[in-house]
Amino acid sequence: MQNTHILTAALLLLCCLDIQAQPLDRKSFNKGWSVVHDTDRDRMISLYENGLDGDAPTVDLPHDWGVEDSFHQEYPGATGKLGWWGHARYWKDFSLTREDLAGKRFLFSIDGAMSRPKVFCNGIEVGEWGYGYSSFSLDITAYLQEGGNRLMIELDNRNGSSRWYPGGGIFRNVWLTRSDPVGIADRGTRVKVSVGTAAATIDLDVRLRNNSDGIPSGVLRSEVFILGEDGSADSLTTVSTEVDEVLEGSVISQRIQVRSPKLWSPDSPQLYMVRSTLEAEGCSDSYDTVIGIRTAEFTSEGFFLNGVRTPLRGVCLHHDAGALGAAWNTGAWERRLNMLKQMGCNAIRTTHNPPAPELLDLCDRMGFLVIDELTDNWTVPKTPEGYTTLFAEWAERDLVSLIRRDRNHPCVIMWSTGNEVGEQGYPDKWEISDFLTGICHREDPSRPVTAGCDNPWAAFQGWAGTLDVYGFNYKPHLYEQFRQEHPDQPYYGSETASTISSRGVYVFPVSEDKSEGLSDFQMSSYDLYAPYWATTPDTEFKAQDSCPGVAGEFVWTGFDYLGEPTPYNGDITILTNFHDPAQRAKAEEELKAKGSISVPSRSSYFGIIDLAGFPKDRYWLYQSRWRPDLPVAHLLPHWNWEGREGGVMPVMAYTSGDSAELFVNGKSQGLKTRQEGEYRLRWDEVVYEPGCIELVAYKDGKVWAKDKVVTTGKASKLMIAAELGQGPGAEFGGDSQVRNSGRRLRVEASDYSPERTEPNYLFLDIKVADRRGNMVPTACNLLKIKVSGPAKLIAMDAGDPTSHRAFGSDSLEAFNGLCSAIILPDGRKGRIVVTVESKGLRKARQIIRVR
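Rules and cut-offs
- Residues numbered from 1 in each chain as written.
- Predicted model: local features only at pLDDT ≥ 70, side-chain atom pairs only at ≥ 80, totals over all residues.
- Heavy atoms only, no water.
- Phe/Tyr/Trp six-rings, centres within 6.5 Å; stacked < 30°, edge-to-face > 60°.
- Helix = DSSP H or I, 4+ residues; strand = E, 2+ residues; numbered from the N terminus.
- Buried < 20%, exposed > 50% of the residue type's maximum accessible area, 1.4 Å probe, protein only.
- Lys NZ or Arg CZ within 6 Å of the ring centre and 35° of its normal.
- Core = buried A, V, L, I, M, F, W, Y, C linked by side-chain atoms within 4.5 Å.
- Contact = heavy atoms within 4.5 Å.
- Polar contact = N/O pair within 3.5 Å; in protein donor to acceptor, adjacent residues only side chain to side chain.
- Pairing = 2+ DSSP bridges.
- Salt bridge = Lys/Arg side-chain N within 4 Å of Asp/Glu carboxyl O.
- Disulfide = S-S within 2.5 Å.
- Right-handed = clockwise from strand over helix to strand, strands pointing away.

1. Remarks on the packing of aromatic side chains
- According to the stated counting rule, one finds 41 aromatic pairs in the structure shown.
- Residues Y561 and F606 carry aromatic rings whose centres are separated by 6.5 Å and whose planes lie at 10° to one another, so their mutual orientation is stacked. Note that Y561 is positioned in the loop between β32 (552–556) and α9 (581–594) and F606 in the loop between α9 and α10 (618–626), a separation of 45 residues in sequence.
- On the accessibility criterion, Y561 (1% relative accessible area) is buried.
- Between K341 and the ring centre of F368, over which it is positioned, the NZ or CZ distance is 5.0 Å.

If you want it as C-alpha cells, here you go:
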C-alpha cells in the first residue's frame, strides 16, 4: 500500500509582478552561461581555455557553486563546511546585428557577484567592482561588434573573507539594457513624498544622460499609476516638462499631486508607480519607479509610521536561502517572508550587507519595514580578507551605490553603515562613522542613519552622536540608562536574543543556566539557552516593556543560515554534552585517538525557523507577543518519551491568552495566570505518562485557544504535502502555513517556462507518520525520493545542523519527523510523480498535473 495524493487545485504563483525600478528596455541576461571554477587561479584559467570549445558546464544565473558542493568535515563550520572560495570565470556568447547596434547604447548590470568581479567584453576589460554584495552597471557599447560577442566575468572569491557562508559565483540576477543614446540615467530617479490632509505631493528629480554627439531638446513626461494586487496599473495623473537642452547628468525636477492617497504600511502595502519618459529628437527612453506614499519618523518615543507609533517587530536575515544557498530566488524568499508575516514580523534588517534588490521589491509589496545595511566591518578586521581590504577604495562607492539603488523603496526606513565595528572602541576612528553618516545624509536626507553597536562603553561616549538612531546589539540592560543620558536620541534593539535551539530536541534535566542545553551537537528547544553575550526572548521582551521609548527589536535570526554554528564553532575536548550512548562512545574513541572531537555542525542554531523552513517552538512565542489579537496556543515538548515514565517532564506553553490550564490525560495540572513580566506559562513538576497533554488558554475569562500533543504510535508511513507558496503544510504545524494534503493541484506549464527570469520552485514537505497520520517527533528515518515526469529534484533538507548529506542528494535522513524537498518543473505539460520511500514504512506518492 502507498499514501497517494493527486493535487489539481490552482497554485499560488510565487514569482508574480516584477516591480523593481528599472528602464523599460531592460532584459534578463541570466540564461546560458558557461562556468569554470577552481581554488587555484592557474588551474581555473586552464579549465577556461579547455572549456572554450563547448565542454564547460552551462548554468543559468543566479548561481552559487558553493552550495552544489558536498559538505567537508575539514572545512570550517563558521562558513558552512562548503567549498565556496576560489577563482571562476563565467562567459556568455551572443550575436548582434547591425540593426541591433545602430545608434543604441548597451548597459550590462550585475546585481551581485561573489566576489571582486571583473567584466570583459570581447577580451577587453570593461570594469570591475570590489564588493560582491554591491549592484553595479557598465556601459559596454564601445566594446560590442556586429556578429559574435562574448561577455566574461572573472571572480576572485577569497578564503577568509567572511564570518558566515557567503556563497560563490554570480549569485544574483544580471541584465542587459538596450536603449537610445539620450535618455534617463541608470538609477536616475529620486522621489520625495510629503503627505497632506487631502493630497500627497511627489517631488521627483530625474537625472538625464546624453551619449550622443549633440545637445537635443526634449520633453520629460511623468505619469503616476496606482498598482493593484492583480498586477493592474491605473493612471492617475501626468506632468510634462520642456527640456531646452538634454545635458549629461542634468537633473529635471517635477512636482505631482496625488489626491486622497492610500498610504503604504505593513498592514496595507499600497504601491504606486511613476513612469518617466524622455522624448528628445528621435530618442525615447522610459524608466519606472515604484513608490509608496507614507511618512516615517523616529523619535525618543519610538518609531512612527504615518503618524502612528509602530513597534518594530523585526528579524535579522542573512542572504542564503538554506538548500538553495546564496543564489537569489524570488519564490523561495516570498515563501520565507510569508512565514515571517504570519508570525507577526513587520521588519527586516539585511545583515550584514546590501540585499538582492528583489528582496526590497518583496518587502515593498508584502509590507515589511527594512534596515538596509552596508557591511560587517570597516577598517578594523574581523577576517583576514574581509571588507577591511576594500574599505579605503570602495566604501563611499558602495554606500552611494546602495543608497541610489534603494532610496525610492517605501520599505526602507533606515540606512545602517555597519555592524559591531571595532572602531566603536577607538575615539580617533569615530570620524569614520561621521564620514559614512554624512554620505547617507548627502545622498538621502529623508532617512536616518544607524548601526548595530555592541560596545557598551561607546554608547555613552561621543560615538553615539555619530548616528541618528542608536542600535543596541544584545544590551537590553542599557536601554533605560541610554534613555536617561540621551533623552532626545531614538534607540532600538538592532540585534536581540540569539537564543539557540534545534527543532524538536529537548534536553533533561531542564536547566535555567543559559550556557547549558547542549546534547549531541544539538541544542534544547526549551528556548532557555543562549551564548554568553545573548539572552532569552523573555529578557528582551521585559526590557522593552519597561522602556516604552525603545523603537523595537530585530531578533537574531528569523531563519537558520549556513555557517556560524554557535556554540559548536570548533573541535571540542569534553564529553559532557553527549547524551546518546552511541554518540558518546564514538566521541570517546575519537578523543582518545587524536586529542579532540570533530564538530560536524555546519549551520546555525539561532533561527526562529530552521534551515528547511520548519518553525521551531520559538515561532509561537514570538507570534503570541507580536500578534496579541490572534488566538495562539502552543505546547512543548513533544510527548514521546519512552523510558522516562514516572519522571519529571516540564511543560511550557506559549499563548496570547492571559491564562491557561494544562491537562495530562484529562487530569488538570492547574490553571496558570500570566503575571507582569512573564511571557510563557510553565508547569515544571509534570510527571510524564504516555497519552496526551492538552492546553486550554483563556482571555478575559473566555476560552481563547487550544493545543494538544499526543504520544504517537511507531513510524508507519510517509506523507507528502505540496506547499502553496506560504510555507510548510498546516498539518506540520502553525497557522502560518497552508494545508493542501488531499486536494488536487494543477499547475500551469507557463508558470515554469524555461524563459522565466528565475526558476519557479515547488516545495514539498515530507513527514514520517504513525498509522493515524500523526507526525512521529523522534523519527530520523533515511528517506529516498524519486521525481519522474517534467520536473527534476533540486535539493533536500530536514533542518538538521549536523547533516553532511549534500543538498542535491536524493537521499536524506528526516530530522525529528520532517523533511523538505525542492523540485523544479521544466515547463512541459504532463504528470509529475514524486515518490518517497523508507525501509519499513509505507511509501508516499504525490502527483502534480502540469497543463
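2. Overview of the nonpolar core
- Formed by 183 residues in total, the largest nonpolar core has its most connected members in Y90, F108, V315, L340, I348, Y470 and W639.
- Considering each element in turn, this core owes the most residues, eight residues, to helix α5 (residues 388–406).
- Contacts of V315, omitting those with residues within four sequence positions, involve L340, M343, C345, A347, I348, R349, F554, V555, G558, I608 and W626.
- Counting 33 residues, the second largest nonpolar core, distinct from the first, contains I766, V776, L783 and A814.

3. Observations regarding the side chain of K767
- Relative to the assigned elements, K767 resides in strand β42 (residues 762–769).
- Residue K767 is classed as buried on the basis of its relative accessible area, which comes to 3%.
- Polar side-chain contacts of K767 include one of 2.8 Å to the backbone oxygen of G773.

4. Details of the sheet that holds strand β21 (residues 302–305)
- Taken in spatial order, the three strands of this open sheet run β20-β21-β22, and their pairing is antiparallel. A strand with exactly one partner marks an edge of an open sheet, and here the two such strands are β20 (296–299) and β22 (308–309).
- With four bridges connecting them, β20 and β21 associate as antiparallel partners. By the bridge assignment for β21, E297 is matched with F304.

5. Points about the pattern of salt bridges
- Under the defined criterion, the tally for this structure stands at 39 salt bridges.
- With its nearest N and O atoms 2.6 Å apart, the salt bridge here joins R405 to D406.
- Given a relative accessible area of 14%, R405 falls into the buried group.
- Two residues, R442 and E443, come together in a salt bridge whose shortest N-O distance is 3.1 Å.

6. Considering the state of the cysteines
- Taken as a whole, this structure holds zero disulfides when the rule is applied.
- For the unlinked cysteine C547, the closest cysteine sulfur is that of C453, found at 17 Å.
- Cysteine C780 shares no disulfide, and the gap to the nearest cysteine sulfur, in C819, comes to 11 Å.

7. A few points about the side chain of T655
- Mapped onto the fold, T655 is located in strand β34 (residues 651–655).
- Reaching out from T655, the side chain makes a polar contact with the backbone oxygen of V632 at a distance of 2.7 Å.

8. Thoughts on helix α8 (residues 537–546)
- Listed as buried for α8 are P537, D538, E540, F541, A543 and Q544.
- Those residues of α8 hidden inside the fold are in contact with α7 (479–485), β29 (491–497), β32 and α10.

9. Some points on the pairing of strand β25 (residues 369–373)
- The element β25 is largely enclosed, with a buried count of five among its five residues.
- As paired elements, strand β24 (residues 347–350) and β25 share three bridges and run parallel to each other. Counterpart to I348 in the pairing with β25 is V370.
- Chirality of the crossover, the property in question, places the unit of β24, helix α4 (residues 357–366) and β25 among those that are right-handed.
- Across four bridges, β25 lies against strand β26 (residues 412–419) in parallel orientation. Bridged to E373 within β26 is S416.
- Tracing the backbone out of β25, into α5 and back to the parallel element β26 gives a crossover that is right-handed.

That is the geometry; function is a separate question.
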